[in-house]
Every structure is written in C-alpha cells, then in structure tokens.
Amino acid sequence: MFSVPSVVNIILMDERDFFDEKESRKAHTLTCPHCRQPGEYELAWLVRTKKKQLSGRADERDRAKFAKAQSYMVLLDDKVMCKNVRCRRSFDVSGIKTLAFL
C-alpha cells in the first residue's frame, strides 16, 4: 500500500490580525483646481490601531513583525466633488498624504 504523507496546516497571520480597524472622517481644506474656490471637505480615513497583544497562534516571525508594527491611517477618498454650485466638478485629492502614522 502507498501511504500519503500528512500535510501540516500552517496558519499564517495576516497584517489585519495585528490591528483593529475603524473608519473615520476628518475635515480638510481643499481648493478646487477648476474654479479655484477653497472649501471644507470630509475625507474618509481607515484607522488601524495596534492591538494590545497578539493572539496565541503566533510564531516567532509574527511576534517580531508585531513588535515593529505601528498604528496608522490610510486615506480612502481619492476624489471629491466641488462644493461650488456653479462648478460641481470632481477633482483629485492632492496635497494630503495618503498614509499617516499615529
């Protein structure tokens, strides 16, 4: 009889296992490039805060990655619509960093 070697299931930890995620909205002053009118725009950010401790299924590599991890925010909105009633064009969000460490 031919025997099949058993396969060990290795559960790899994902980056999402190190952080708690929540969405947040923050106001930023942006200027429309078409009509040149500044305005306050609410931009969506994904806030990833580092967990207090790592789960029990982590190995040494995961513990090393967790020790280096930092809380950060990622900008989700890339375009906004101008608030000027006469303009109403959409434009790219520029001048704001898309990643910010907390």
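Here is a short report on the structure shown in this document. (Residues numbered from 1 in each chain as written. Predicted model: local features only at pLDDT ≥ 70, side-chain atom pairs only at ≥ 80, totals over all residues. Heavy atoms only, no water.)

**A few points about the pairing of strand β3 (residues 72-75)**
Convention followed: Paired strands, as defined in this entry, are two strands with at least two bridges between them according to DSSP. Working definition: helices are DSSP H or I runs of at least four residues, strands are E runs of at least two. Numbering for both runs from the N terminus.
Here strand β2 (residues 38-50) pairs with β3 via four bridges, running antiparallel. Paired with Trp45 across the two strands is Leu75, which belongs to β3.

**Focus: the pairing of strand β1 (residues 19-31)**
Relative to β2, β1 runs antiparallel, the two being bridged by 13 bridges. Residue pairing in the sheet places Leu30 in a bridge with Gly39 of β2. Remark: six residues form the turn of the hairpin made by β1 and β2, two consecutive strands paired antiparallel; Arg36 in that turn has positive phi of roughly 65 degrees.

**Some points on the sheet that holds strand β6 (residues 99-101)**
Neighbouring strands of a sheet are bound in pairs by backbone hydrogen bonds; such pairs are parallel or else antiparallel. As a reminder of what qualifies: An axis is simply a line fitted to the C-alpha atoms; with a helix, the fit covers only the stretch in contact. Between two such axes, the angle follows the N-to-C directions and lies from 0 to 180 degrees.
Read from one edge of the open sheet, four strands run β1-β2-β3-β6, paired in antiparallel fashion. In the strand order of this sheet, the two ends are held by β1 and β6, each with one partner. The average angle at which neighbouring strand axes cross in this sheet is 25 degrees, direction not considered.

**Concerning the nonpolar core**
We count it as follows: Working definition of a nonpolar core: buried Ala, Val, Leu, Ile, Met, Phe, Trp, Tyr and Cys residues. They are joined through side-chain atoms within 4.5 Å. The rule is simple: take the accessible area with a 1.4 Å probe, protein chains only, and divide by the maximum for that residue type; under 20% is buried, over 50% is exposed, in between is partly exposed. In what follows, a contact means two residues having at least one pair of non-hydrogen atoms within 4.5 Å.
Counting residues in each nonpolar core, the largest one holds 14 residues, and the members touching the most others are Leu30, Leu43, Val80, Phe91 and Val93. Secondary-structure elements contributing two or more residues to this core are β2 and β3. Excluding residues that lie within four positions of it along the chain, Val80 makes contacts with Leu30, Tyr41, Leu43, Arg89, Ser90, Phe91 and Val93. Phe18, Leu54, Phe66 and Ala69 belong to the second largest nonpolar core, which has seven residues in total.

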